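Structure assessment
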6 protein chains.
Amino acid sequence: MEELTHFDQNGNAVMVDVSEKEETKRMAVARGVITVSRPVFQAVTEGTVKKGDVLGVAQVAGIMAAKKNSELIPMCHLLMLTSCKVEFIMHEEASQIEAVCTVKTVGKTGVEMEALTGVSVALLTIYDMCKAMDRGMVIGDICLVEKRGGKSGIYRREDECCD
Amino acid sequence: MEELTHFDQNGNAVMVDVSEKEETKRMAVARGVITVSRPVFQAVTEGTVKKGDVLGVAQVAGIMAAKKNSELIPMCHLLMLTSCKVEFIMHEEASQIEAVCTVKTVGKTGVEMEALTGVSVALLTIYDMCKAMDRGMVIGDICLVEKRGGKSGIYRREDECCD
Amino acid sequence: MEELTHFDQNGNAVMVDVSEKEETKRMAVARGVITVSRPVFQAVTEGTVKKGDVLGVAQVAGIMAAKKNSELIPMCHLLMLTSCKVEFIMHEEASQIEAVCTVKTVGKTGVEMEALTGVSVALLTIYDMCKAMDRGMVIGDICLVEKRGGKSGIYRREDECCD
Amino acid sequence: MEELTHFDQNGNAVMVDVSEKEETKRMAVARGVITVSRPVFQAVTEGTVKKGDVLGVAQVAGIMAAKKNSELIPMCHLLMLTSCKVEFIMHEEASQIEAVCTVKTVGKTGVEMEALTGVSVALLTIYDMCKAMDRGMVIGDICLVEKRGGKSGIYRREDECCD
Amino acid sequence: MEELTHFDQNGNAVMVDVSEKEETKRMAVARGVITVSRPVFQAVTEGTVKKGDVLGVAQVAGIMAAKKNSELIPMCHLLMLTSCKVEFIMHEEASQIEAVCTVKTVGKTGVEMEALTGVSVALLTIYDMCKAMDRGMVIGDICLVEKRGGKSGIYRREDECCD
Amino acid sequence: MEELTHFDQNGNAVMVDVSEKEETKRMAVARGVITVSRPVFQAVTEGTVKKGDVLGVAQVAGIMAAKKNSELIPMCHLLMLTSCKVEFIMHEEASQIEAVCTVKTVGKTGVEMEALTGVSVALLTIYDMCKAMDRGMVIGDICLVEKRGGKSGIYRREDECCD
């Protein structure tokens, strides 16, 4: 059975030793949503066209946070990302904004944490920029969608985690 | 009607001007949950006693992230936090770990983003430390629970945002 | 006669002691330009409307860098900025993009370095995002335009430093 | 015709995907100048010998900033620099201090942004340390001088960008 | 009896709540030494005059680290330092370089950690710059020398902690 | 005879050029101690079991600082650590807590500075969390214990540096 790998036999928290691992191409996709009020949904949608660009700022924030991942998550290894992007999907009926972060690297460990951190900070940035209109927004359904590369192979989430 | 405050009249993203605001005592509480598999729930629960302390690491990560908030969220002001803590509540039936982050400051703007960032990074750290056992964990229901201080007064979430 | 203030009498580099200074409202405006080729100028102008938003990304980068100023400039004091914005002016004839950064604080020292750093990083970001089209761009005329607050009073640049 | 590469087909700002690129030896040289008043020029020149070392501090600041480049410029990839130096040339007649930053790496993308950032922060540090004597200093002529390695081969600036 | 203050009654690590504390002028002095081989001692001494300035670089590193203290020490509050300096004393007979870091602030908590961090990083930088000559250097006797301000009043170390 | 390698022939501080070096597996072990009062020693020992976990927090701080090493030590190269851990040994008779930091990488330069920085920040964190009980604690005997990999081969400290 699998165990928590971030502890040694004495219970010390450690960065897992990946010295012997191969460098392989890796990618990960994560997603999450922020549920907002109608007026916020409308302001963001219109804002991207004519007033101010909430999603543009959130996109930059998400990418910069993905690069900072190893400074935020204590036991994460630093990786040199070879690609990173954050995209948004507007779900009008549900009044939700979905963020999707795709990260790639060539390295010894995977980039799922980078993708999850990118999504989280992109959504937090939307919250920040819209909080004067609505403090009741909820961020949720943050999950790993897909992961490729490395010994553990391909992971793909089967069910829809949010709807 | 209220508007997006992080843009000027030309649509430029800006840090809102708080120069004229009073310094007042402020606090904010945010929360969120990570839904994990049974084996992960058990490993975390036991780990805090005898093997390795997932929640101890996540607690430190959350506090350090709350302090870093203004580096992550582009339009946030830097604030000198006067208090920060992250607590965890184990929901065995739901197989969920709830993180609650409480932040205080004496300053010109509120600390809700610091609390939300603290919660998010604490939960991401739990994900990271348990992902070898389960990649299907979902982070959600991240919301502001309470906010005090400043011109806008007290905010308190009425409904339960997660259950 | 005035002297270099960042050294003590033994020639040690020091952060100037501002413990006894009053906290006052302060602001600073800095500016600078990047001279680009025609195709770059056009791509940036159009991009802000329909393809990709170079200036939007540069604006975020400038604001975030202004907040990071004390980490970059060794002898600068950390200040809590109460306001920060970066604006761009397109000079079509000169094929130049001008960045103007305005910063405010209530504190013991001025914010001219924050404004200058904001301008510099905004312009460097434009360089980065356009360098695939033109590596010959030149960044220049970075200067302090105005400064208010503190014992030294108002500074206002009289001549036009770039044209 | 070449295009802005930092956007995908939908206009999203992205870190360019370099996963498939070869790791090659790369170097870049950037330069820039700060034009200062006579008294500042003299203070800096003498200071390096007997009072306090403005250029020594600026050198350290420039190298540390080059290493931080990917945290400042949103779409830049992190690279492990294998070499970095900042040198200064005193132009007495023009009352200018020229900074030259040379950076090397073995990696998938070039280091021109690291060199340009190193130059910019070195010059900003000189400004900071001398601003008590003169607020009218101007930073300019920041440009890429040379670039080697990678698919695009050798770039060398032909004209003198500053004089 | 005094207790560990960085934990709440449930054993959670917390940033101590200082919201109710007065802002007062505070200062702290810390020191430490690095014991080096004769050739290193000589190289550093001469270097400061004619070759390269080990101590100049270490001074900048120490000041910058003092400013970064709250990012390094998890439960430390961010403080706006109003003054920071690092000085070196050469002990030729003992072949030791002593670093002394003095920090001031006007704030709600003390700056002893800032001073201790400044000393530590200054000494580590000396180690780094000299390690090609001698890997056997030892850093030690890092202690708080003096502390003023705040409710606990003046602390002054009575014995000499290193000799 | 060996010389200071962090300066070029003109005395400029530089990051040593390692472009031509091979990537090899490297490791380093560093150690150090903090000497504390009896009550502190007891509080830490008991705290790890039932109240609050000083050493758990210090462990996280040490690992995160090792990853941040190149931001703290000006002339250090960034390296992607493949493994990092911090362990503590309680010396009851001497009333000392010893920290040992082990770091690995596959890279062009060694990781001794990462290990030394990890030890230093872990010990500073213990100081911070116990300083309400005792301000007289002394940190010392920080040294490199072992180093493997790279051209210079194996280094192993022969004498015991602290006892």
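Structure: see above.
Residues numbered from 1 in each chain as written. Chains lettered and ligands numbered in written order. Predicted model: local features only at pLDDT ≥ 70, side-chain atom pairs only at ≥ 80, totals over all residues. Heavy atoms only, no water.

The interface of chain D with chain F comprises 20 residues on the first partner and 22 residues on the second. Here chain D meets chain F over a buried area of about 1,600 Å², counting both sides, of which 56% is carbon and sulfur. The largest contributions to the chain D side of the interface with chain F come from K67(D), M80(D) and T82(D), which together make up 33% of the buried area. For the interface between chain D and chain F, the tally reads 3 salt bridges. Across the pair K25(D) and E20(F) runs a salt bridge, and its minimum N-O distance is 2.7 Å. Where chain D packs against chain F, one counts 12 residue pairs in polar contact (both at pLDDT 80 or more). (Contact = heavy atoms within 4.5 Å. Buried area = accessible area lost by both parts, 1.4 Å probe. Salt bridge = Lys/Arg side-chain N within 4 Å of Asp/Glu carboxyl O. Polar contact = N/O pair within 3.5 Å; in protein donor to acceptor, adjacent residues only side chain to side chain.)

To continue, consider helix α4 (residues 112-130) of chain E. Taking 1.5 Å as the rise per residue, α4(E) with 19 residues should run 27 Å; its terminal C-alpha atoms sit 27 Å apart, in good agreement. When you tally the buried positions in α4(E), you get 19 out of 19 residues, the bulk of the element. (Helix = DSSP H or I, 4+ residues; strand = E, 2+ residues; numbered from the N terminus. Expected span 1.5 Å × (residues − 1). Buried < 20%, exposed > 50% of the residue type's maximum accessible area, 1.4 Å probe, protein only.)

Of the transformation superimposing chain B on chain A, the axial component is 0.0 Å and the angular component is 180°, with the fit at an RMSD of 0.0 Å. What we have between these two chains is a two-fold relation. Across chain B, the rotation axis passes nearest the C-alpha of G140(B), at a separation of 1.8 Å. A share of 98% of the interface residues of chain B reappears at the interface of chain A, consistent with the copies meeting face to face through the same patch. (Least-squares fit on C-alpha atoms with pLDDT ≥ 70 in both.)

The subject of this paragraph is the relation of the copies chain D and chain F. With an RMSD of 0.0 Å, the operation that places chain D on chain F is a rotation of 120° combined with a shift of 0.0 Å along the axis. When the rotation and shift are considered jointly, the pair of chain copies conforms to a three-fold rotation axis. Taking the C-alpha atom as reference, chain D places M80(D) closest to the rotation axis, 4.9 Å from it. Different-surface contact between copies: only 20% of interface residues of chain D are shared with the interface of chain F.

The final tally for this structure, using the stated rule, is 0 aromatic pairs over all chains. For the cation-ring pair, R38(A) lies above F41(A), with the distance from its terminal atom to the ring centre recorded as 6.0 Å. (Phe/Tyr/Trp six-rings, centres within 6.5 Å; stacked < 30°, edge-to-face > 60°. Lys NZ or Arg CZ within 6 Å of the ring centre and 35° of its normal.)

Before going further, it helps to spend a moment on the interface of chain B and chain A. Taken together, the contact between chain B and chain A spans 55 residues of the former and 54 residues of the latter. Carbon and sulfur atoms supply 68% of the area that chain B and chain A bury against each other, a total of about 4,600 Å² over both sides. The largest share of the area that chain B buries against chain A comes from L4(B), L124(B) and R135(B), three residues that together contribute 14% of it. For the interface between chain B and chain A, the tally reads 4 salt bridges. A salt bridge links E71(A) to K68(B); its shortest N-O distance comes to 3.4 Å. Taken together, chain B and chain A are joined by 14 residue pairs in polar contact (both at pLDDT 80 or more). Secondary structure elements with two or more residues in the side of chain B that touches chain A: α2 (54-67), α3 (69-72), α4 (112-130) and β4 (138-148) of chain B. A total of 12 residues in the side of chain B that touches chain A trace back to one element, the largest contributor, which is α4(B). Of the residues in the side of chain B that touches chain A, the class split is 31 nonpolar, 11 polar and 13 charged. Across 2 bridges, strand β4 (residues 138-148) of chain A lies against β4(B) in antiparallel orientation. Along β4(B), the bridge assignment pairs I142(A) with I139(B). (Nonpolar A, V, L, I, M, F, W, Y, C, P; charged D, E, K, R; others polar. Pairing = 2+ DSSP bridges.)

Scanning the entire structure with this criterion turns up 72 salt bridges over all chains. The salt bridge involving R135(A) is made with E112(B); its shortest N-O contact spans 2.9 Å. Highlighted residues: R135(A) in the loop between α4 (112-130) and β4 and E112(B) in helix α4, drawn from two different chains. When its relative accessible area of 21% is taken as the criterion, R135(A) is described as partly exposed. According to the relative accessible area criterion, E112(B) is buried, its value standing at 2%. A salt bridge links D128(D) to K131(D), with the shortest nitrogen-to-oxygen separation between them at 2.7 Å. For the pair formed by D128(D) and K131(D), the shared burial category is buried.

Attention now goes to unusual backbone geometry. Most of the time, phi is negative for any residue but glycine, and the peptide bond is trans. One non-glycine residue with positive phi stands out, namely S95(E), at about 55°. Among the structural elements, S95(E) can be located in the loop between β2 (81-91) and β3 (96-107).

Turning our attention to the pairing of strand β1 (residues 24-35) of chain F. Residues and elements named next belong to chain F. A large share of β1 lies buried, amounting to 9 of its 12 residues. Taken together, the 8 bridges between β1 and strand β4 (residues 138-148) define a ladder with antiparallel strand orientation. Bridge assignment links T35 to a residue of β4, and that residue is V138.

Over all C-alpha pairs, chain B and chain D never come within contact, reaching a minimum spacing of 10 Å. Over all C-alpha pairs, chain C and chain F never come within contact, reaching a minimum spacing of 10 Å.

Attention now moves to the environment of S19(D). Its place among the elements puts S19(D) in the segment before β1 (24-35). Classification of S19(D) by relative accessible area gives buried; the value is 6%. For the pair S19(D) and K108(D), spaced 89 residues apart in the sequence, the C-alpha separation amounts to 7.9 Å. Residues within four places of S19(D) in sequence aside, it is in contact with K25(A), T82(A), S83(A), K104(A), V106(A) and K108(D).

As far as function goes, none of this settles anything; it's purely spatial.
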